[in-house]
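Report on the structure
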Amino acid sequence: MPVATPDQYAEMIDRAKAGGFAYPAFNVSSSQTIHAVLQGLTEAGSDGIIQVTTGGADYFAGHTVKARATGALAFAKYATEVAKSYPVTVALHTDHCPKEALDDFVLPLIAASEEEVRAGGNPIFQSHMWDGSAVPLEENVRIASELLPRMKNINSILEIEIGVVGGEEDGVKHEGSNDALYTTFGDVDQAVQALGLGEQGRYISALTFGNVHGVYKPGNVKLRPELLGEIQQQVAAKYNTGANPLDLVFHGGSGSSDEEIATAVANGVIKMNIDTDTQYAYTRAIADYMFKNYDGILKVDGEVGVKKLYDPRAWGKVAETAMAARVVEATRQLGSFGHSQS
């Protein structure tokens, strides 16, 4: 199916909210990882989100070039074309854009979509994340309020982060007190006062409840997903809305238990980012393949090796299939398995 139109993406989010499930959002960095996501979503009968970070976009452009807007556009064009061959609907998203990357990442991409929309097309990306967690909240909200009207004009969705996700992802690193890892109602209310609740443009919010980027053993990260429900109730009470008025995003979920994920989804999470676990599944399969086929892959003792074994397509297919299996697992954890609208 083609990549989601803006209306289809909005419908995806509405269906997840109404159905009590969330979409997995997978970070990719190559054509092979794009296909792994599409393969896995197809096997799961699930729609989903494919996203790219600043580092991933740099890599798409060529690791010696560092032209992340170019890389992101190349990613989007490739994904848009190949997605037509798979019977699921996907949305394209840019992940974690800190303040110092706005000028060479998100802003050029918004401008490119504005040009597409003026010509009668759809935006290139269905959503973009502004990660203002490293700047004071007042500045975070101010920049979000400047971006939101432009996003609304191209019918795209803005993702914001209110609070701090610990750890590091693609060079975006956060350190500080443990208290900073838990978003407060006051933080959220400041954002709602500036951005509204959808009337000024749709946005989704990454609130933090102890989340940490990276990989950790179960139990090493102290998540409080019930905090999301408490904040939702406070927003609903103050602004006289229905239940779970905010569309929420779950970052830093590696090592989370099924129960923690289910609680977060029940409290309004409609998107969960997945990167570390799929990276490991992909690379672990390559390592296994290389160890098992060592003598054929290397030209040992003057031999010629076995071309069909060291052909990158041979181990690439193995890696894609292993990553696809982890994609399927994510859809089961989040409840999107079998819920494709395609």
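Above this text you will find the structure in question.
Residues numbered from 1 in each chain as written. Predicted model: local features only at pLDDT ≥ 70, side-chain atom pairs only at ≥ 80, totals over all residues. Heavy atoms only, no water.

**Structural notes on the overall build of the protein**
On a plain count of helices and strands, the protein comes out with 13 helices and 10 strands. At 20 Å, the protein has a C-alpha radius of gyration in line with the 20 Å of a compact globule built from 342 residues. For the protein, the C-alpha atoms occupy an extent of roughly 75 × 50 × 35 Å along the three principal directions. For the protein, with 342 residues in total, the buried portion stands at 52%. Contacts spanning at least 24 positions in sequence make up 75% of the contacts within the protein whose residues lie at least 6 apart. Carbon and sulfur atoms make up 51% of the accessible area of the protein, which totals about 15000 Å². Where the 27 positive side-chain charges of the protein centre and where its 43 negative ones centre are 5 Å apart. (Helix = DSSP H or I, 4+ residues; strand = E, 2+ residues; numbered from the N terminus. Rg over C-alpha atoms; globule rule 2.2 N^0.38 Å. Buried < 20%, exposed > 50% of the residue type's maximum accessible area, 1.4 Å probe, protein only. Contact = heavy atoms within 4.5 Å. Areas by Shrake-Rupley, 256 points an atom, 1.4 Å probe, with all protein chains shown as cover. Lys, Arg positive; Asp, Glu negative; His and termini not counted. Charge placed at Lys NZ, Arg CZ, Asp CG, Glu CD.)

**Notes on the packing of helix α2 (residues 31-44) against helix α4 (residues 68-82)**
Two quantities define a packed helix pair, namely the angle between the helix axes and the distance between the axes. Where α2 meets α4, the closest approach of the two axes is 11 Å, and the angle between their N-to-C directions is 40 degrees. Comparing the axis directions of α2 and α4 gives the class oblique. Both α2 and α4 take part in a crossing whose hand is right-handed. For the pair formed by α2 and α4, the contact residues are Ser31, Ile34, His35 and Leu38 on the first element and Phe75, Tyr78, Ala79 and Val82 on the second. (Axes fitted to C-alpha atoms, helices over the stretch in contact; angles between N-to-C directions. Parallel < 35°, antiparallel > 145°, perpendicular 65-115°, else oblique. Left-handed = near helix turned anticlockwise from the far one by under 90°.)

**Re helix α10 (residues 276-292)**
For α10, which comprises 17 residues, the first-to-last C-alpha distance of 24 Å matches the rise-based estimate of 24 Å (1.5 Å per residue) to within 8%. Within α10 the residues assigned to the buried category are Thr278, Ala281, Tyr282, Ala285, Ile286 and Tyr289. One face of α10 carries all of its buried residues, which in axial projection span an arc of 125 degrees. Exposed and facing more than 90 degrees away from the buried side of α10 are Tyr280 and Phe291. Those residues of α10 that are buried are in contact with β1 (23-27), α2, β10 (269-274), α11 (294-297), α12 (307-310) and α13 (312-334). (Expected span 1.5 Å × (residues − 1). Arc of directions from axis to C-beta.)

Everything listed here is a matter of geometry and, on its own, says nothing about what the molecule does.
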